[in-house]
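Understanding the architecture of this molecule
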Amino acid sequence: AQSVAQPEDQVNVAEGNPLTVKCTYSVSGNPYLFWYVQYPNRGLQFLLKYITGDNLVKGSYGFEAEFNKSQTSFHLKKPSALVSDSALYFCAVRDMDSNYQLIWGAGTKLIIKP
Amino acid sequence: GAGVSQTPSNKVTEKGKYVELRCDPISGHTALYWYRQSLGQGPEFLIYFQGTGAADDSGLPNDRFFAVRPEGSVSTLKIQRTERGDSAVYLCASSFGQGGLGETQYFGPGTRLLVL
């Protein structure tokens, strides 16, 4: 069965430092990977996705993610964190066996301290 | 253009009552999805519409849950005989296309349902 793991419930980073939010996945076919961000009392906002091609994907707000097939990972990164990046981040995956469903991780709370 | 909108933003009801949650997708998006999100968890798929028809309703937890999209635009999620365990944030998303694997789903702000 398809699954997504976000091993860290919370990540704390000082403003200006690089940040990484981890995501690993398990699917039987080729993965289609997504990152979303959720601010308090707001819906999920799309950040970026990997479908095929370059392993490094660039997205909104300066975020990027690296697809690593051998490690089945899709970690979210940003070179220099902002306090406004503090939010809940979700990784999600689809493949041929998941039909139309996005399979979601449990989320990682990112806290950027000034 | 406008994003996905959902009404109401909050709904408080009593156990056993019937509720309807509405979703208005992005104009021109033919694919529409409903998810449910409980506190501290990722969203859980409920149902997917392509046009007017439910192409995948495998996520609906039981027959108390039903959703319609009669004209291929606005969708209504209906919950009968609500239970306290139905309390969650109900999210709607839409995408432009046939629900393909690489399509980006755009989410509304959600409806927070509380069943007392």
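Just above, that's the structure.
The structure displayed is predicted, hence computed values, not measured ones. (Residues numbered from 1 in each chain as written. Chains lettered and ligands numbered in written order. Predicted model: local features only at pLDDT ≥ 70, side-chain atom pairs only at ≥ 80, totals over all residues. Heavy atoms only, no water.)

**Concerning the pairing of strand 5 (residues 32-38) of chain A**
Residue and element names in this part refer to chain A. Strand 5 sits mainly inside the fold: 6 of its 7 residues count as buried. Judged from the 7 bridges that link them, strand 5 and strand 10 (residues 87-94) form a sheet pairing that is antiparallel. Counted as the bridge partner of tyrosine 36 is phenylalanine 90 from strand 10. Of the pairings in the sheet, the one linking strand 5 to strand 6 (residues 44-50) comprises 6 bridges and is antiparallel in character. Counted as the bridge partner of phenylalanine 34 is lysine 49 from strand 6. Counted along the chain from strand 5 to the antiparallel partner strand 6, the turn is 5 residues long, and its residue asparagine 41 has a positive phi close to 60°. (Buried < 20%, exposed > 50% of the residue type's maximum accessible area, 1.4 Å probe, protein only. Helix = DSSP H or I, 4+ residues; strand = E, 2+ residues; numbered from the N terminus. Pairing = 2+ DSSP bridges.)

**Some remarks on the nonpolar core**
Ranked by internal contacts, the top residues of the largest apolar core, which has 29 residues, are Leu19(A), Trp35(A), Leu47(A), Leu48(A), Phe74(A), Leu76(A) and Tyr89(A). Apart from residues lying up to four places away in sequence, Leu76(A) is in contact with Leu19(A), Thr20(A), Val21(A), Trp35(A), Leu47(A), Leu48(A), Phe63(A), Glu64(A), Ala65(A) and Tyr89(A). With 19 residues, the next largest nonpolar core counts Leu46(B), Phe49(B), Phe65(B) and Leu77(B) among its residues. (Core = buried A, V, L, I, M, F, W, Y, C linked by side-chain atoms within 4.5 Å. Contact = heavy atoms within 4.5 Å.)

**Observations regarding a nonpolar patch on the surface**
On the surface, Val12(B), Leu114(B) and Leu116(B) cluster together into a nonpolar patch covering about 270 Å² of accessible area. By the element assignment, Val12(B) lies in strand 2 (residues 10-13). (Patch = residues over 30% accessible without salt bridge, like charges linked within 9 Å, V, L, I, M, F, W, Y side chains within 5 Å. Areas by Shrake-Rupley, 256 points an atom, 1.4 Å probe, with all protein chains shown as cover. Salt bridge = Lys/Arg side-chain N within 4 Å of Asp/Glu carboxyl O.)

**Some remarks on the sheet that holds strand 1 (residues 5-7) of chain B**
All names here are of chain B. One open sheet holds the 4 strands; their spatial order is 1-3-8-7, and the pairing between them is antiparallel. Each edge of the sheet is formed by a strand with only one pairing partner; in this case those strands are strand 1 and strand 7 (65-68). Ignoring strand direction, the axes of neighbouring strands in this sheet form an average angle of 15°. As defined by bridge partners, strand 7 adjoins strand 8 (residues 75-79) across 4 bridges and the pair is classed as antiparallel. Looking across to strand 8, one finds that phenylalanine 65 is bridged to isoleucine 79. (Axes fitted to C-alpha atoms, helices over the stretch in contact; angles between N-to-C directions.)

**Observations concerning the environment of Gln10(A)**
Residue and element names in this part refer to chain A. Looking at the element boundaries, glutamine 10 is found in strand 2 (residues 10-14). On the basis of relative accessible area, glutamine 10 is assigned to the partly exposed category, the value being 40%. Among all residues touching glutamine 10, those that are not within four sequence positions of it are Thr108, Lys109 and Ile111. At 3.1 Å, the side chain of glutamine 10 and the side chain of asparagine 12 are in polar contact. (Polar contact = N/O pair within 3.5 Å; in protein donor to acceptor, adjacent residues only side chain to side chain.)

**Remarks on the state of the cysteines**
Tallying each qualifying case throughout the model produces 2 disulfides over all chains. Bridging Cys23(A) to Cys91(A), the disulfide has an S-S length of 2.0 Å. Its S-S torsion of about -65° marks the bond between Cys23(A) and Cys91(A) as left-handed, since a negative value means left-handed. Residue Cys23(A) is located in the loop between strand 3 (19-21) and strand 4 (24-26), and its partner Cys91(A) is located in strand 10; the two are separated by 68 residues in the primary sequence. For the pair formed by Cys23(A) and Cys91(A), the shared burial category is buried. One disulfide bridge connects Cys23(B) with Cys92(B), the sulfur atoms lying 1.8 Å from each other. When the S-S torsion is -65°, as for the bridge of Cys23(B) with Cys92(B), the disulfide is left-handed. On the criterion of sequence distance, the pair formed by Cys23(B) in strand 3 (residues 19-24) and Cys92(B) in strand 9 (residues 88-95) is long-range, its members being 69 residues apart. Judged by relative accessible area, which is 0%, Cys92(B) ranks as buried. (Disulfide = S-S within 2.5 Å.)

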